[in-house]
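# Observations on chain architecture
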Amino acid sequence: MSDSSSTTPAALAAGDLVNPFGVSLSIDGTWNDRDAASLAGIRQGVLLRTAALPALTDAGRSRLADLRVSDVIDLRSDAEAASQGFDAVAQDVRVHRLPITPGGELAGQAAGALGGAGADPAALEQFVTLLNTPGWADNLMAGVYREIVTTPEAVIQLGRGLRIIAEAEGSVIVHCSAGKDRTGVLVALAALLAGAEQAAVVEAFHHSTHASAAQRAVVPAIPGVDPAPVAPFLGVQLSALHGALDAIESEHGSLPAFAASAGVDESTLAALRARLEP
């Protein structure tokens, strides 16, 4: 549920909607795209982030070539990728499928509720009730973020992602569906491990909130639900990221110790720093 979205809607053509703060990479066929360096204070042209890439156009693929993209990390679940489509990148770009599926049971419930004409009425009714419960969405997202950094399977995928970022020949794109939650966590971890200031990393993470209008264009309206309770799913919450970092500190004592538990050894960590340090 945390990154629910589909392909890029035609409504995103307006520049003020796609790029309100001038940090977009202007990759045609996706959105919420930017260089992680634009706000986080790491080296430019190495770590990029976007929403999903199944709708890339020829112009979008040409833009990836201009950006020297050699590798793409796709954090979507298998179900998301099958539903939305696989990344439409050039053949010489390596796509690494590293599915991270936080909140899987609730994501399934949401899918059943939002299935359009085939939606399950009982699932829809239950989902609407939950959404209208004060604080439910915020608490759910906080739990999802903790899952991303504590579930063994997810931690392994984060470690694989960090190694790819450290070892890639060219620039690396990280994406999930909306490019905000799973993507935001992996990008934040990479930047922090490279020595970026936490305040800058948090600001960079929070920038995805400015793409909430774009996500609203691809998320179907939910009958019986005021848009306000849905807001936590469209933007990002700083409290959720801080909660994830607190969980790492509680379980591992430090980010490098967490990275080690995820399979990132000292040489890889040094390579990551060398790649991302400004």
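Residues numbered from 1 in each chain as written. Predicted model: local features only at pLDDT ≥ 70, side-chain atom pairs only at ≥ 80, totals over all residues. Heavy atoms only, no water.

## Details of the nonpolar core
- In terms of nonpolar packing, the biggest core is built from 59 residues, with L47, I73, V149, I165, V174 and L276 touching the most fellow members.
- When residues in this core are grouped by element, the largest group, nine residues, is from helix α9 (residues 182–193).
- Dropping the residues within four chain positions of it, I73 is found in contact with H96, L98, G161, I164, I165, V172, I173, V174, H175 and L186. (Core = buried A, V, L, I, M, F, W, Y, C linked by side-chain atoms within 4.5 Å. Buried < 20%, exposed > 50% of the residue type's maximum accessible area, 1.4 Å probe, protein only. Helix = DSSP H or I, 4+ residues; strand = E, 2+ residues; numbered from the N terminus. Contact = heavy atoms within 4.5 Å.)

## Overview of the packing of aromatic side chains
- Tallied over the full model, the rule gives one aromatic pair.
- Relative to F205, the ring of Y145 lies with its centre 6.1 Å away and its plane at 90°, an arrangement referred to as edge-to-face. On the criterion of sequence distance, the pair formed by Y145 in helix α7 (residues 136–150) and F205 in helix α10 (residues 198–206) is long-range, its members being 60 residues apart. The two residues Y145 and F205 agree in class, both being buried. (Phe/Tyr/Trp six-rings, centres within 6.5 Å; stacked < 30°, edge-to-face > 60°.)

## Thoughts on the packing of helix α8 (residues 152–167) against helix α15 (residues 266–276)
- α15 packs onto α8 with a crossing angle of 55° between their chain directions and a minimal axis gap of 8 Å. The angle between α8 and α15 falls in the class oblique. Viewed along their axes, α8 and α15 form a crossing whose handedness is left-handed. In contact with L162, R163, I165, A166 and E167 of α8, α15 contributes T268, A271, L272, R275 and L276.
- The residue inventory of the contact of α8 with α15, partitioned by class, reads six nonpolar, one polar and three charged. (Axes fitted to C-alpha atoms, helices over the stretch in contact; angles between N-to-C directions. Parallel < 35°, antiparallel > 145°, perpendicular 65-115°, else oblique. Left-handed = near helix turned anticlockwise from the far one by under 90°. Nonpolar A, V, L, I, M, F, W, Y, C, P; charged D, E, K, R; others polar.)

## Some thoughts on the pattern of salt bridges
- What the rule picks out here adds up to eight salt bridges.
- A salt bridge links R94 to D71; its shortest N-O distance comes to 3.0 Å. Here D71 lies in strand β3 (residues 69–74) and R94 lies in strand β4 (residues 94–97), a separation of 23 residues in the sequence.
- Overall, R94 belongs to the partly exposed group, its relative accessible area being 38%.
- For D71, a relative accessible area of 3% corresponds to the buried category.
- Taking the shortest distance from any N to any O, the salt bridge between R97 and D78 comes out at 2.7 Å. Of the two residues, R97 is situated in strand β4 and D78 in helix α4 (residues 78–84); the sequence distance between them amounts to 19 residues.
- Using a relative accessible area of 25% as the deciding quantity, one classes R97 as partly exposed. (Salt bridge = Lys/Arg side-chain N within 4 Å of Asp/Glu carboxyl O.)

## Considerations on α9
- The end-to-end C-alpha distance of α9 is 17 Å, a good match for the 16 Å that 12 residues give at a rise of 1.5 Å each.
- Of all 12 residues in α9, 12 are buried; the element is thus mostly enclosed.
- Note on α9: the residue one or two positions beyond its end, G195, has a positive phi of about 100°. (Expected span 1.5 Å × (residues − 1).)

## Overview of the packing of α9 against α10
- At a closest axis distance of 10 Å, the pairing of α9 and α10 adopts a crossing angle of 160°. One way to sum up the angle between α9 and α10 is to call them roughly antiparallel. Helix-helix and strand crossings are classified by hand; for α9 and α10 the assignment is right-handed. Contact with α9, carried on its side by G184, A188, A191 and L192, involves Q198, V201 and F205 of α10 and no other residues of that element.
- Split into classes, the residues belonging to the contact of α9 with α10 amount to five nonpolar, two polar and no charged.

## Observations concerning the pairing of strand β2 (residues 47–50)
- Side chains L47 and R49 of β2 all project onto a buried face; the interleaved residues L48 and T50 project onto the opposite face, where all are buried too.
- Judged from the four bridges that link them, β2 and strand β5 (residues 171–175) form a sheet pairing that is parallel. Across the sheet, the residue bridging to T50 is H175, located in β5. (Pairing = 2+ DSSP bridges.)

## Considering the pairing of β5
- With five of five residues buried, β5 lies mostly within the body of the structure.
- Burial along β5 is two-sided: the face carrying S171, I173 and H175 and the face carrying V172 and V174 are both buried.
- In the sheet, β3 pairs with β5 via five bridges, with the strands oriented parallel. The residue bridging V72 from the neighbouring strand is I173, located in β5.

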